[in-house]
Amino acid sequence: MEQIIELLKSRESFVIAGHTAPDGDTIGSCLGLAMALGKLGKKVVVVLEPYAAKYRVIPGRKYLCRSSLETLKVDVFIALDCADTERLSAARALFDRAQTTVCIDHHETNAGFAKYNFIDPGASSTAEMVFGVIEALSPVIASGAKQSNLIDADIATAIYAGIVGDTGGFRYMSTGRSTMEVAARLMDTGIPFTDIYREMLLGHSFEAAKAFGLALGAAGQAMGGRIVYTHMTREMLVATGVDSSDMDSVVEYLMNTKGADVALFLYERHQSAKDAGAPEATSVDTARQHESVEERSDAATQAWISSTQPREDDSDTSSITTQRKIKVSMRSRGLHVGQIAASLGGGGHRLAAGCTMVGTIEDIMRQVLEILELELKAGDLC
Ligand SMILES: [Mn+2]
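Residues numbered from 1 in each chain as written. Predicted model: local features only at pLDDT ≥ 70, side-chain atom pairs only at ≥ 80, totals over all residues.

**What to know about the overall build of the protein**
Along its length, the protein carries 13 helices and 11 strands. Counting across all 382 residues of the protein, residues that qualify as buried make up 47%. Of the contacts formed within the protein by residues at least 6 apart in sequence, a portion of 73% connects residues at least 24 apart. (Helix = DSSP H or I, 4+ residues; strand = E, 2+ residues; numbered from the N terminus. Buried ≥ 20, exposed ≤ 12 C-beta atoms within 10 Å, placed from the backbone. Contact = placed C-beta atoms within 7 Å.)

**Digging into the sheet that holds strand 10 (residues 347-348)**
Pairing is mixed in the open sheet, where six strands are placed in the order 6-7-8-9-11-10. A single partner strand is all that each edge strand has here, and the edge strands are strand 6 (220-222) and strand 10. Here strand 9 (residues 324-332) runs beside strand 11 (residues 352-359); their pairing, made up of eight bridges, is antiparallel. Within strand 11, the position partnered with Lys325 by the bridge is Val358. (Pairing = 2+ DSSP bridges.)

**Digging into the sheet that holds strand 3 (residues 76-80)**
Strand order in the open sheet formed by five strands is 2-1-3-4-5, and the pairing between neighbours is parallel. Either end of the sheet is taken by a strand with one partner, and the two such strands are strand 2 (43-47) and strand 5 (116-119). With strand direction ignored, the average angle separating the axes of adjacent strands in the sheet is 15°. Relative to strand 3, strand 1 (residues 13-17) runs parallel, the two being bridged by four bridges. Bridging across to strand 3, Phe14 finds its partner in Val76. Contacts between helix 1 (residues 2-10) and the sheet are confined to strand 3, strand 4 (100-105) and strand 5, with strand 5 contributing the most and set at about 125° to the helix. Contacts from helix 2 (residues 24-39) reach strand 1, strand 2 and strand 3 within the one sheet, and its direction differs from that of strand 2 by about 170°. (Axes fitted to C-alpha atoms, helices over the stretch in contact; angles between N-to-C directions.)

**A look at the packing of helix 2 against helix 5 (residues 153-167)**
The N-to-C vectors of helix 2 and helix 5 enclose an angle of 160°; their axes lie 7 Å apart at closest approach. Put simply, helix 2 runs roughly antiparallel to helix 5. In this structure, helix 2 meets helix 5 at a crossing whose hand is left-handed. Listed contacts from helix 5 to Gly24, Asp25, Gly28, Ser29, Leu31, Gly32, Met35 and Ala36 of helix 2 are Asp154, Ile155, Ala158, Ile159, Ala161, Gly162, Val164, Gly165 and Asp166. Split by residue class, the contact of helix 2 with helix 5 holds eight nonpolar, six polar and three charged. (Parallel < 35°, antiparallel > 145°, perpendicular 65-115°, else oblique. Left-handed = near helix turned anticlockwise from the far one by under 90°. Nonpolar A, V, L, I, M, F, W, Y, C, P; charged D, E, K, R; others polar.)

**Things to note about the environment of His19**
Within the fold, His19 resides in the loop between strand 1 and helix 2. His19 gets classed as buried once you count the C-beta atoms within 10 Å, which come to 27. Between the C-alpha atoms of His19 and Leu88, which are 69 residues apart in sequence, the distance is 5.0 Å. The residues contacting His19, other than those within four sequence positions of it, are Thr26, Asp81, Cys82 and Arg87.

**Some words on unusual backbone geometry**
Not every positive phi belongs to a glycine, and Asp81 is a case in point at roughly 60°. Note on Asp81: 31 C-beta atoms within 10 Å, which makes it buried.

**A few points about the environment of Leu266**
Tracing the chain through its elements places Leu266 in strand 8 (residues 262-268). Judged by the 23 C-beta atoms lying within 10 Å of it, Leu266 falls in the buried class. Here the alpha-carbon distance between Leu266 and Thr230, two residues 36 residues apart in the chain, equals 6.5 Å.

**Here we look at the confidence of the model for the protein**
Do not read the fine detail of predicted coordinates wherever pLDDT is low. The pLDDT averaged across the protein works out to 86; a share of 84% of its residues lies at or above 70. With pLDDT under 50 throughout, residues 275-317 is counted as low confidence; its partners more than four residues away or in other chains account for 86 contacts. (pLDDT = per-residue confidence, 0-100.)

**Structural notes on the pairing of strand 2**
With four of five residues buried, strand 2 lies mostly within the body of the structure. The pairing of strand 1 with strand 2 spans five bridges and is parallel. In the sheet register, Ala17 faces strand 2, and the bridge partner there is Val47. Remark: the strand 1/helix 2/strand 2 crossover connection has right-handed handedness. (Right-handed = clockwise from strand over helix to strand, strands pointing away.)

**Some remarks on the packing of helix 5 against helix 7 (residues 193-202)**
Contact geometry for helix 5 and helix 7: axes closest at 10 Å, N-to-C directions at 45°. The pairing of helix 5 with helix 7 is recorded here as oblique in orientation. Crossing of helix 5 against helix 7: the hand is right-handed. Residues Thr157, Tyr160, Ala161, Val164 and Gly165 of helix 5 form the contact with helix 7, whose participating residues are Phe193, Ile196, Tyr197, Met200 and Leu201. Among the residues making up the contact of helix 5 with helix 7, the classes are represented as eight nonpolar, two polar and no charged.

**Thoughts on the environment of Leu40**
If you trace the backbone, Leu40 turns up in the loop between helix 2 and strand 2. Residue classification places Leu40 among the partly exposed positions, given that 15 C-beta atoms sit within 10 Å. Along the sequence, Leu40 and Ser138 sit 98 residues apart, while their C-alpha atoms lie 8.7 Å from each other.

Below, the structure is given as structure tokens:
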């Protein structure tokens, strides 16, 4: 970390990027660090894919790159909250042509792909790590001052949003004593912490509430309730007029079912017409977009299917028996779903992970349920 601080102090021009389908931690970390470097008079550009409106509560959007990446000059490239170069997506080209590279991240799977790496799998979020970096960058703090003189309310809002995002609002096990201490320091700057929490975790549209009901209505249980699962077809999203990004909380809600060890949610990516052109976002664990093409199976349909959409005719507007790109989102109370997602070409964390597969919802549901049952029977809970 000392070397990184030295580098940030001595260099003048930075490009900061995060992982594809940016979440609160990615955006908060990138914009928070950008604002801090900007205050130090550095030239900073942040490269992020478009993201959901709920993250606009995070200040510092003026640092977002609006020009073509091809012409962007890259001196120091900083990757934040990104476990490997593949997940940098379009920013990967910038990483490749940078004079030097830095990586700050908390993903367990991060092998340290940059020249200078600060990886802490124990950290609640990259934002919490960035807080430490910004503090270390702060010009000498007047003796006795509790607060870093670089971290103002805007920077604090960005960092706080990142922590809130990755800890689910201080609910996950990743929340540590240090997380709460950092949060307390951030609150001292007068941030609108209830607004940040509400905007990022609670706020939803009426349409999303209706869609939520559809998804819960299609829920089923396996292994006597140890697995709770459901799905959302594009048709269900279209019928309610919502984006797939509005459905992030479904899997979390299922995970809170009493007796459940694992929650599984399959859904199709979809952007509603009203939001066409608006940024799309995905959940914390958005996995690498690796696709495994499934063979279509005629095996017996499971009982849950009958409770959902009517079986399709031969048209293209069918639902769970049409080959499509399906997002698989998993949450767990003990099972290492990160490993399972990785084996399916995705990734994520121990208790929250996902992947993207190509096939029909019914086939993928059967395949993933089978894996989860085997793993739960093996009893290898972490
Ligand atoms: Mn993160």
